[in-house]
Amino acid sequence: MMRYYGSGSGKADGRERGRWRGVLSDRRQRVLAALIEEYVARALPVGSRTLTERYQLGVSPATVRNELSVLEDGGYITQPHTSAGRIPTDHGYRAFVDNLLAADFTGEDERYRPVVDELRRSASELDALLEQTSSALTRLTDCLSIVLAPSVLNLHIKQLSLISLNAYRALVVLVTEDGQVFNRQMEFAEEVSSDELARVQAFLGDVFTGKSLQQIEDGLGQGMAEAFRDPLVRMALDEVLSCLQESELSRAHRLGVSSLLTKPEFSQSQALLPVMQVLEDDTVMLHILDDAVRQGDGTPSVRIGRENDAAELAGVSVVASRYGRGESAGVVAVIGPTRMDYSKVLRAVRIASAALQDV
């Protein structure tokens, strides 16, 4: 549970409070945080009596009612029905999340160490680590998790092999410097001998070794194009590029759709369907996670409700963080209803990012 509203004295844990944006007084911060915690826990509109009885706000019920009115006027909360309590708006969640993001988490890395070490011990290969990290994210947050592998176009190539299967077919095998292996069959309209394949393999090996596919693609426009006029060389290059691009689109590890179906917001499958249709579009998904990719300081990015560009995502929040170094960076993300436990999700995303930091 989130405990960011402090005690009756108005003092709260400085590490976790941070500084709220805007002009909310300390008391209003505590009232808003308590209302968000209650709504996250129960998915029901929250009244002033509930806040007074369940949370140590240190003020009278009349004062709580007054503060709720002020928060409603400021757009932080809304009243869905005249006789109902209040619920947070996207603006209210944003104020709360900005407080969390501004918090000082110094020293928390050591608390994560056992979880991080266990993830790394339990998976010897990158894809297995990504899958287990996604699974851990789903368990920790009870939401949909997505782990994007580092872009294969930025992985550096260690070895390229062309293996003859018969006169009309060969297998392209690519090994990257981090140990990943990609393969794809290529077919020829005319017979190709093993000697011809060996010649092409030697040439491409000299060109590819130590470079990323992105560097090779860029180089084709800078004087290397002439060297690739050989039809067999060009065909092999096209097969390698196709192999890696297909692998890139398939290396998004998604888990937790069933968890979303348990949320009141998505109890009817038709409410979740538009969300899933958007998330199944790799181009849209990469755009959604673009904030995290561009965030260079490791701070998670958070898009709340209508802050998402896609109208279908107006009812969900996306918390994402990049991992890895330089060009070899991937993304971990959690997607759930705007009524998510942002404190728990931010911590889970930090754990996942730490587990994958050195891949």
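Here we summarise the structure given alongside this text.

What counts, and where the lines are drawn
- Sequence order sets the numbering: in each chain, residues are counted from 1 along the sequence as written.
- Local features in this predicted model are restricted to residues whose pLDDT is 70 or higher, and side-chain atom pairs enter the listing and the counts only when it is 80 or higher, whereas totals over whole chains, interfaces and linings include all residues.
- The basis for every side-chain value is the complete set of heavy atoms in the structure, and neither hydrogens nor water enter the calculation.
- Helix and strand assignments come from DSSP, with helices taken as H or I runs of at least 4 residues and strands as E runs of at least 2, each series counted from the N terminus.
- Whether a residue is buried, partly exposed or exposed follows from its accessible area with a 1.4 Å probe, protein chains only, as a fraction of its type maximum: under 20%, in between, or over 50%, in that order.
- A contact between two residues is defined here by any heavy atoms of the two lying within 4.5 Å.
- Note on areas: these come from Shrake-Rupley sampling with a 1.4 Å probe, and a residue is covered only by the protein chains present in the view.
- A cavity here means a set of 1 Å grid points, computed over protein atoms only, where a 1.4 Å probe fits but cannot escape. A pocket is an open set with protein on both sides within 12 Å along at least 5 of 7 lines, and lining residues have an atom within 4 Å of a point.
- Grid points are joined across faces, edges and corners, and a volume is the space filled by probe spheres set on the points.
- When residue character is reported, Ala, Val, Leu, Ile, Met, Phe, Trp, Tyr, Cys and Pro are called nonpolar, Asp, Glu, Lys and Arg charged, and the others, Gly included, polar.
- One speaks of a salt bridge when a side-chain nitrogen belonging to Lys or Arg is within 4 Å of a carboxyl oxygen belonging to Asp or Glu.
- Strand pairing follows a simple DSSP-based rule, namely that at least 2 bridges must link the two strands.
- Classification of ring pairs rests on two measures: the distance between centres of Phe, Tyr or Trp rings, Trp counted by its six-membered ring, which must be within 6.5 Å, and the angle between planes, read as stacked under 30 degrees, edge-to-face over 60 and tilted in between.
- Angles shown run from 0 to 180 degrees and are taken between the N-to-C directions of axes, each axis being a line fitted to C-alpha atoms and, for helices, limited to the stretch in contact.
- Here roughly perpendicular refers to angles of 65 to 115 degrees, roughly parallel to angles under 35, roughly antiparallel to angles over 145, and oblique to all remaining angles.
- The arc in question is the one traced by the directions running from the helix axis out to the C-beta atoms.

For the protein, the count of helices and strands is 15 helices and 10 strands. Residue burial in the protein is summarised as follows: out of 359 residues, 48% are buried. Once local pairs closer than 6 in sequence are excluded, the contacts in the protein between residues at least 24 apart make up 62%. Total accessible area on the protein is roughly 17200 Å²; 47% of this is exposed by carbon and sulfur atoms.

A separate point is empty space enclosed by the protein. Counted under the stated rule, the structure contains 2 cavities of 30 Å³ or more. In this model, the second largest cavity occupies a volume close to 30 Å³. Around the second largest cavity sit Leu119, Thr133, Ala136, Leu137, Leu140, Ala348, Ile351 and Ala352, which together line it. Only helix H7 (126–141) and helix H15 (342–355) provide two or more residues apiece to the lining of the second largest cavity. With 4 residues, H7 is the single largest residue contributor to the lining of the second largest cavity. Looking at the lining of the second largest cavity, its residues break down into 7 nonpolar, 1 polar and no charged.

A separate point is the pattern of salt bridges. Applying the stated criterion across every chain yields a total of 15 salt bridges. Notably, a salt bridge pairs Glu67 with Arg27, separated by 2.6 Å at the nearest N-O pair. Of the two residues, Glu67 is situated in helix H4 (residues 61–73) and Arg27 in helix H2 (residues 26–42); the sequence distance between them amounts to 40 residues. On the accessibility criterion, Arg27 (35% relative accessible area) is partly exposed. Measuring nitrogen to oxygen at the nearest pair gives 3.0 Å for the salt bridge that ties Arg86 to Glu72. Of this pair, Arg86 sits in the loop between strand E1 (77–78) and strand E2 (87–88) while Glu72 sits in helix H4; the two residues are 14 residues apart in sequence, bridging distant segments of the chain. The exposure class of Arg86 is buried, given its relative accessible area of 15%. Of the residues examined, Glu72 reaches a relative accessible area of 28% and is grouped as partly exposed. Here the residues in one salt-bridge network are Arg27, Arg28 and Glu67, joined through shared partners.

We now examine the pairing of strand E6 (residues 181–187). Strand direction decides the pairing type here: strand E5 (residues 169–176) and E6, joined by 7 bridges, are antiparallel. Of the residues in E6, the one forming a bridge with Arg169 is Glu187. Where E5 hands over to E6, the hairpin turn is made up of 4 residues, of which Gly179 adopts a positive phi near 95°.

Backbone geometry follows two general trends: most residues other than glycine have a negative phi, and most peptide bonds adopt the trans configuration. Positive phi, close to 55°, is recorded for Ala43, a residue that is not glycine. Tracing the backbone shows Ala43 in the loop between H2 and helix H3 (48–54). The phi torsion at Asp142 lies on the positive side, around 60°, for a residue other than glycine. Mapped onto the fold, Asp142 is located in the loop between H7 and strand E3 (144–148). Take Asp142: its relative accessible area is 34%, and that puts it in the partly exposed class.

Moving on, we get to the packing of aromatic side chains. Scanning the entire structure with this criterion turns up 1 aromatic pair. With a centroid separation of 5.4 Å and an interplanar angle of 50°, the aromatic rings of Tyr93 and Tyr342 are classed as tilted. On the criterion of sequence distance, the pair formed by Tyr93 in helix H5 (residues 90–102) and Tyr342 in helix H15 is long-range, its members being 249 residues apart. Side by side, Tyr93 and Tyr342 carry an identical accessibility label, which is buried.

With that settled, the discussion passes to the packing of H2 against H5. For the pair H2 and H5, the least separation of the axes is 10 Å and the interaxial angle reads 110°. As the angle between them shows, H2 and H5 are arranged roughly perpendicular. Here H2 contributes Leu32, Ala33, Ile36 and Tyr39 to the contact with H5, which in turn contributes Gly92, Tyr93, Ala95 and Phe96. Taken together, the residues of the contact of H2 with H5 sort by class into 7 nonpolar, 1 polar and no charged.

Okay, helix H12 (residues 269–279) next. Of all the positions in H12, only Leu272, Val275, Met276, Val278 and Leu279 are classed as buried. The buried side chains of H12 occupy one side of the element, clustering within an arc of 155° when seen end-on. In H12, the exposed positions that point more than 90 degrees away from the buried face belong to Gln270 and Gln277.

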